[in-house]
Amino acid sequence: MNATTDDAAHVVIGDAPLRRDTLVRLARAPSGQLTIGETARARVRAGEQRLAAALARGERVYGVNTGCGALDDQRVDAERSARLQRNLLRSHAAGVGEPMARDAVRAMILARLSTLCRGDSAVRLELVEALGALLQHDVTPWVPTVGSLGVSDLTALAHVGLTLVGEGRARVGDGPFIDAARALEQVGLP
């Protein structure tokens, strides 16, 4: 994992390995300020630039400009790529059951955020910042306890992704689950 300069009031994610005690503390009791480190930001931007260069060269990038699974041989033009990404979130958010505990969802987001800060995933910096903002503003997506699509966290992370685009449900602090768009609006996040 990747993350932290840590004191009780300020945690910098991504510039050093994420310590287990920091993950547990932030998952259980949101407090202080959480920021994405400058080294991590540079790595994420570099990964984003590598992806952009590959797309500019016309390379096939699974799930970005191709379909997924059995449709991986189908090209997706840039115009339809954004719709594909949103539809992937919707189709993979197929979990059922009671919602996961708040600290478990927060720990999952922290772990994924730490991994994305390595810069190897070619995600946009805006995604990394948005995940950090969920944690910073204590917005917890509704993530069901049952569901898996191939990779153990794919379904759960799809539910988190829905929250980031204002779909699905989420809660602010210990409040009730509400429409994710409303939860984001309550804390001033786009």
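Anyway, here's the lowdown on the structure attached to this text. This structure is a prediction, so every number in the text was calculated from the model and none was measured.

What counts as what
Residues numbered from 1 in each chain as written. Predicted model: local features only at pLDDT ≥ 70, side-chain atom pairs only at ≥ 80, totals over all residues. Heavy atoms only, no water. Core = buried A, V, L, I, M, F, W, Y, C linked by side-chain atoms within 4.5 Å. Buried < 20%, exposed > 50% of the residue type's maximum accessible area, 1.4 Å probe, protein only. Helix = DSSP H or I, 4+ residues; strand = E, 2+ residues; numbered from the N terminus. Pairing = 2+ DSSP bridges. Expected span 1.5 Å × (residues − 1). Axes fitted to C-alpha atoms, helices over the stretch in contact; angles between N-to-C directions. Parallel < 35°, antiparallel > 145°, perpendicular 65-115°, else oblique. Contact = heavy atoms within 4.5 Å. Nonpolar A, V, L, I, M, F, W, Y, C, P; charged D, E, K, R; others polar. Phe/Tyr/Trp six-rings, centres within 6.5 Å; stacked < 30°, edge-to-face > 60°. Lys NZ or Arg CZ within 6 Å of the ring centre and 35° of its normal.

On to the nonpolar core, then. Grouped together as the largest cluster of nonpolar side chains are 37 residues, with contacts concentrated most on Ile 13, Leu 113 and Val 128. Secondary-structure elements contributing two or more residues to this core are β2 (10–16), α1 (20–28), β3 (33–36), α2 (38–56), α4 (102–116), α5 (125–136), α6 (154–164) and α7 (180–186). It is α4 that provides the largest number of residues to this core, a total of eight residues.

Take the sheet that holds strand β8 (residues 178–179) next. Backbone hydrogen bonds hold the strands of a sheet together, and the pairing may be parallel or antiparallel. Strand order in this open sheet of three strands is β5-β7-β8, and the pairing throughout is antiparallel. Unpaired on one side and paired on the other, β5 (139–141) and β8 mark the two borders of the sheet. In terms of strand pairing, β5 meets strand β7 (residues 169–172) through three bridges, oriented antiparallel. Directly across from Val 139, in β7, lies its bridge partner Val 172.

Another point: α4. Helix length check: α4 (15 residues) gives 21 Å between terminal C-alpha atoms against 21 Å at 1.5 Å per residue, within 8%. Of the residues making up α4, those classed as buried are Arg 102, Val 105, Arg 106, Ala 107, Met 108, Ile 109, Leu 110, Ala 111, Leu 113, Ser 114 and Leu 116.

Another point: unusual backbone geometry. The phi angle at Ala 122 is positive, at roughly 60 degrees, despite the residue not being glycine. The topology assignment puts Ala 122 in the loop between α4 and α5. Of note, the phi angle at Asp 138 is positive, near 55 degrees, even though the residue is not glycine. Mapping Asp 138 onto the fold places it in the loop between α5 and β5.

As a further point, take the pairing of β7. Sheet analysis places β7 next to β8, joined by two bridges and oriented antiparallel. For Ala 170, the partnering residue across the bridge sits in β8 and is Ile 178. Hairpin connection between β7 and β8: a loop of five residues separates the two successive antiparallel strands, and Gly 173 in this loop has a positive phi of roughly 60 degrees.

This next bit is on the packing of α4 against α6. Following both chains from N to C, one finds α4 and α6 inclined at 90 degrees, their axes separated by 11 Å at the closest point. If you check the angle between α4 and α6, you find them roughly perpendicular. The segment α4 lies against α6, with Met 108, Ile 109 and Arg 112 engaging Ala 156, Leu 157 and Val 160. Taken together, the residues of the contact of α4 with α6 break down into five nonpolar, no polar and one charged.

Another point: the packing of aromatic side chains. In total, this model carries zero aromatic pairs according to the counting rule given. The lysine or arginine in question, Arg 169, covers the ring of Trp 142, its NZ or CZ lying 4.5 Å from the ring centre.

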